[in-house]
Amino acid sequence: MGRRLLLWLMWVSSAGVDCVERTHTGRAVDRDDGQLLYAEHHRQQVCGTQVTQASVSYVAASGDTIATKVIDFTSGLITPSVRLEDRLSGYREGVEVDG
């Protein structure tokens, strides 16, 4: 019952709220020579004051995407669904929240 009430309150509070997309980029560089190792391209969908979805693309200095991460908060702010894929090793992990 409490979880349903929380989800209902989140839905009611976001009804009619404009959503915007925010992006930013981070860079990982070598400590010694400052050469770019990889960049992180972050994207967030924000409705009102709440992030509803987020994603990160990790891009090597060569321009190749080496990993991706997607976070979906539609099931709840405390229990997001998460998916991570490392394209270099093929490693994947995640959790999907249903309900």
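All values derive from a computational prediction rather than experimental measurement.

## A short note on the pattern of salt bridges
Close approach of charged atoms lets side chains of opposite charge pair.
Piece 1. Tallied over the entire structure, the rule returns 2 salt bridges.
Piece 2. Notably, a salt bridge pairs Arg 92 with Glu 85, separated by 3.5 Å at the nearest N-O pair.
Piece 3. The partly exposed category is assigned to Glu 85, whose relative accessible area is 25%.

## Things to note about the side chain of His 42
Piece 1. Turning to its location among the elements, His 42 is positioned in strand β2 (residues 36-47).
Piece 2. Side-chain polar atoms of His 42 contact the side chain of Glu 40, separated by 2.9 Å.
Piece 3. If we skip the residues at most four places from it in the chain, His 42 touches Arg 22, Thr 23, His 24, Ser 55 and Val 56.

## Digging into the pairing of strand β3 (residues 50-60)
Piece 1. The element β3 is largely enclosed, with a buried count of 8 among its 11 residues.
Piece 2. Pairing geometry for β2 and β3, over 10 bridges, is antiparallel. Counted as the bridge partner of Arg 43 is Ser 55 from β3.
Piece 3. A loop of 4 residues connects β3 with strand β4 (residues 65-72), the two strands running antiparallel in sequence, and Gly 63 in this loop sits at a positive phi of about 100°.

Rules used throughout
Residues numbered from 1 in each chain as written. Predicted model: local features only at pLDDT ≥ 70, side-chain atom pairs only at ≥ 80, totals over all residues. Heavy atoms only, no water. Salt bridge = Lys/Arg side-chain N within 4 Å of Asp/Glu carboxyl O. Buried < 20%, exposed > 50% of the residue type's maximum accessible area, 1.4 Å probe, protein only. Helix = DSSP H or I, 4+ residues; strand = E, 2+ residues; numbered from the N terminus. Polar contact = N/O pair within 3.5 Å; in protein donor to acceptor, adjacent residues only side chain to side chain. Contact = heavy atoms within 4.5 Å. Pairing = 2+ DSSP bridges.

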